[in-house]
Amino acid sequence: MENEKKKIVLSCIQPTSVPTIGNYLGALKNWKYMSEDYDCYYAIADLHAITVRQEPAKLRKQSMEMYALLLAVGLDPEKNVVFVQSHVPEHSQLSWILNCYTQFGEASRMTQFKEKSLKHADNINVGLFDYPVLMAADILLYQADFVPIGADQKQHLELARNIAERFNQVYTPTFVVPEPFFGKVGARVMSLQDPTKKMSKSDPNPKASVSMLDTPDMIAKKIKSAVTDSEAKVYYGEGKDGINNLMSIYSACTGLDFAQIEKDFDGKGYGDFKAAVAEAVIECIKPIQDEYSHLIADKKYLEDCTRLGKEKASYAAQKTLRKVMKKVGFWQV
Ligand code: ATP
Ligand code: LTN
């Protein structure tokens, strides 16, 4: 067992804002669990972030903050590879090659592109369309076996699998075909203001999401004002999107299942339930916030860690890219 090669895990998060509890419960929490048993590559997807207009100084700052948060969640930069996507140019290089193995039709079916083009109608750039191919490159470069993601990324992962299979068929087996990995609960945390939409860190309405760095007071207020229904009975059911969402969050933070939650809140109103949810969220993220405040004060340490991440990621990425370039038939000297 000692010498057995560990399976490889890769995932990325965009530095578009401070992560929400949706990002944490749906993705980052699993990153931490998986980091114990797998060979993990985790990246800040800054190349993906510029598919939507970003302010340069803010993007730089958010990338550093996101990096600190990844360490605060418990990722170990020595044991895992924690890096910044743009520090490893092989992502862009492989992405171009994979573009030529992706059909326009299949890329056109991606629902996130449709949603994001509606949201950013003034800037429907080609990068936004090509986003899933870059994501495929991220994954395939590291020969990842598993990709922990929230449910919203399922379609993109399916595309990455199709591209890998196609390339392997046109040439000889080159890429590992990756499997998605979804956590049990929290895979899809919804907006507190519109529980039919996913909670998103770049939602302009601050009341719609709880950020990982919100103060206890802010968290309590946001959860208190979460949209629910008029039935005032805590149970998981149809037409109760708001309560279903709060129950999922509560369950993910406490480990209690829905049946237990329904029992505990039998006869109690939404006020009591919301107070309990807020408390559970505050407790759940407090240790991360404490660790974050130490890390963010040590810029030199964070920079040293990103350099180490870049070195380790580059080694693996170069190996795959060289193989791909040879198969495609590029003149290598
Ligand atoms: P943006 O608002 O900038 O598009 P985002 O909040 O959707 O960002 P990403 O950086 O695109 O977050 O995603 C990081 C990870 O978090 C992905 O694995 C994604 O599946 C997961 N994730 C994002 N939103 C949620 C959510 N509401 N519930 C569960 N998981 C989520
Ligand atoms: N598109 C992802 C972020 C992302 C990603 C990846 C996730 C970019 N590259 C590779 C998993 C694997 C998102 O969460 N929106």
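Residues numbered from 1 in each chain as written. Chains lettered and ligands numbered in written order. Predicted model: local features only at pLDDT ≥ 70, side-chain atom pairs only at ≥ 80, totals over all residues. Heavy atoms only, no water.

What to know about the overall build of the protein chain
Thinking step 1. Secondary structure summary: the protein chain contains 13 helices and five strands in total.
Thinking step 2. Whereas a compact globule of 333 residues would reach a radius of gyration of roughly 20 Å, the protein chain reaches 21 Å, a difference of no more than 12%.
Thinking step 3. Along the first, second and third principal axes, the C-alpha set of the protein chain runs to 75 × 45 × 45 Å.
Thinking step 4. Out of the 333 residues in the protein chain, the part that is buried amounts to 51%.
Thinking step 5. For the protein chain, the proportion of contacts with a sequence separation of at least 24, taken over those separated by at least 6, is 75%. (Helix = DSSP H or I, 4+ residues; strand = E, 2+ residues; numbered from the N terminus. Rg over C-alpha atoms; globule rule 2.2 N^0.38 Å. Buried < 20%, exposed > 50% of the residue type's maximum accessible area, 1.4 Å probe, protein only. Contact = heavy atoms within 4.5 Å.)

Re the site of ligand 2
Thinking step 1. Surveying the vicinity of ligand 2 reveals the residues L10, S11, C12, Q14, H48, Y131, M135, D138, I139, V147, I149 and Q153.
Thinking step 2. The separation between a nitrogen atom of ligand 2 and a polar side-chain atom of D138 is 2.6 Å.
Thinking step 3. With respect to ligand 2, the side chain of Q153 contributes an N or O atom lying 3.0 Å from a nitrogen atom.
Thinking step 4. Sorting the residues of the shell around ligand 2 by element identifies β1 (8-13) and α7 (126-141) as the ones contributing at least two each.
Thinking step 5. Broken down by element, the shell around ligand 2 gets its largest block of residues, four residues, from α7.
Thinking step 6. Looking at the shell around ligand 2 residue by residue, the class counts come to seven nonpolar, four polar and one charged. (Near = heavy atom within 4 Å. Polar contact = N/O pair within 3.5 Å; in protein donor to acceptor, adjacent residues only side chain to side chain. Nonpolar A, V, L, I, M, F, W, Y, C, P; charged D, E, K, R; others polar.)

Points about the packing of helix α4 (residues 90-99) against α7
Thinking step 1. For the pair α4 and α7, interaxial distance at closest approach is 8 Å and the crossing angle is 115 degrees. Crossing geometry of α4 relative to α7 is assigned as right-handed. Facing α4, whose interface residues are E90, H91, L94, S95, L98 and N99, α7 presents D130, V133, L134, A136, A137, D138, L140 and L141.
Thinking step 2. Looking at the contact of α4 with α7 residue by residue, the class counts come to eight nonpolar, three polar and three charged. (Axes fitted to C-alpha atoms, helices over the stretch in contact; angles between N-to-C directions. Left-handed = near helix turned anticlockwise from the far one by under 90°.)

Things to note about the packing of α4 against helix α13 (residues 299-328)
Thinking step 1. One can describe the packing of α4 onto α13 by two numbers: an axis separation of 10 Å at closest approach and a directional angle of 25 degrees. Considering the angle they form, α4 stands roughly parallel to α13. Viewed along their axes, α4 and α13 form a crossing whose handedness is left-handed. On α13, the residues touching E90, Q93, L94 and I97 of α4 are A317, Q318, L321, V324, M325 and V328.
Thinking step 2. The class makeup of the residues in the contact of α4 with α13 is seven nonpolar, two polar and one charged. (Parallel < 35°, antiparallel > 145°, perpendicular 65-115°, else oblique.)

Comments concerning the site of ligand 1
Thinking step 1. Neighbouring ligand 1 are 21 residues; D152, V189, K198, S200 and S202 lie closest to it.
Thinking step 2. Measuring from an oxygen atom of ligand 1, one finds a backbone N or O atom of Q14 at 3.0 Å.
Thinking step 3. In this structure, an oxygen atom belonging to ligand 1 sits 2.6 Å away from a side-chain N or O atom of D152.
Thinking step 4. Alone, ligand 1 offers 600 Å² of accessible surface; in the complex the protein occludes 96% of this.
Thinking step 5. Its residues assigned to classes, the shell around ligand 1 shows six nonpolar, 10 polar and five charged. (Areas by Shrake-Rupley, 256 points an atom, 1.4 Å probe, with all protein chains shown as cover.)

Notes on the nonpolar core
Thinking step 1. One finds I223, I249, F273 and V281 to be the most contacted residues of the largest nonpolar core, which totals 56 residues.
Thinking step 2. Examining the composition of this core, we find that 13 residues originate from one element, helix α12 (residues 270-295), more than from any other.
Thinking step 3. Among all residues touching I249, those that are not within four sequence positions of it are I21, L25, V189, L192, V277 and V281.
Thinking step 4. Within the second largest apolar cluster, 40 residues are counted, among which are I8, L10, A136 and A316. (Core = buried A, V, L, I, M, F, W, Y, C linked by side-chain atoms within 4.5 Å.)

Some points on helix α6 (residues 111-119)
Thinking step 1. If you check which residues of α6 are buried, you get Q112, F113, K116 and S117. On an axial view of α6, the arc spanned by its buried residues comes to 130 degrees, and they lie on one face. Residues E115 and L118 are exposed on α6 and point more than 90 degrees away from its buried face.
Thinking step 2. Here the buried face of α6 lies against α7 and α8 (154-170). (Arc of directions from axis to C-beta.)

Structural notes on the packing of aromatic side chains
Thinking step 1. Applying the stated rule across the entire model yields 14 aromatic pairs.
Thinking step 2. Where F167 meets F175, the ring centres are 5.2 Å apart and the plane angle is 55 degrees; that geometry is what we call tilted.
Thinking step 3. Each residue in the set Y101, F167, Y171 and F175 is aromatic and connected to the rest through ring pairs, giving one cluster.
Thinking step 4. Taking the ring centre of F265 as reference, the NZ or CZ of K268 above it sits at 5.6 Å. (Phe/Tyr/Trp six-rings, centres within 6.5 Å; stacked < 30°, edge-to-face > 60°. Lys NZ or Arg CZ within 6 Å of the ring centre and 35° of its normal.)

What to know about the side chain of Q14
Thinking step 1. Following the sequence through the fold, Q14 ends up in the loop between β1 and α1 (21-37).
Thinking step 2. At 3.0 Å, the side chain of Q14 and the side chain of Y131 are in polar contact.
Thinking step 3. The contact partners of Q14, leaving out residues within four places of it in the chain, are A45, H48, A49, M66, K116, Y131 and K201.

Keep in mind that these numbers describe shape and distance, not what the molecule does.
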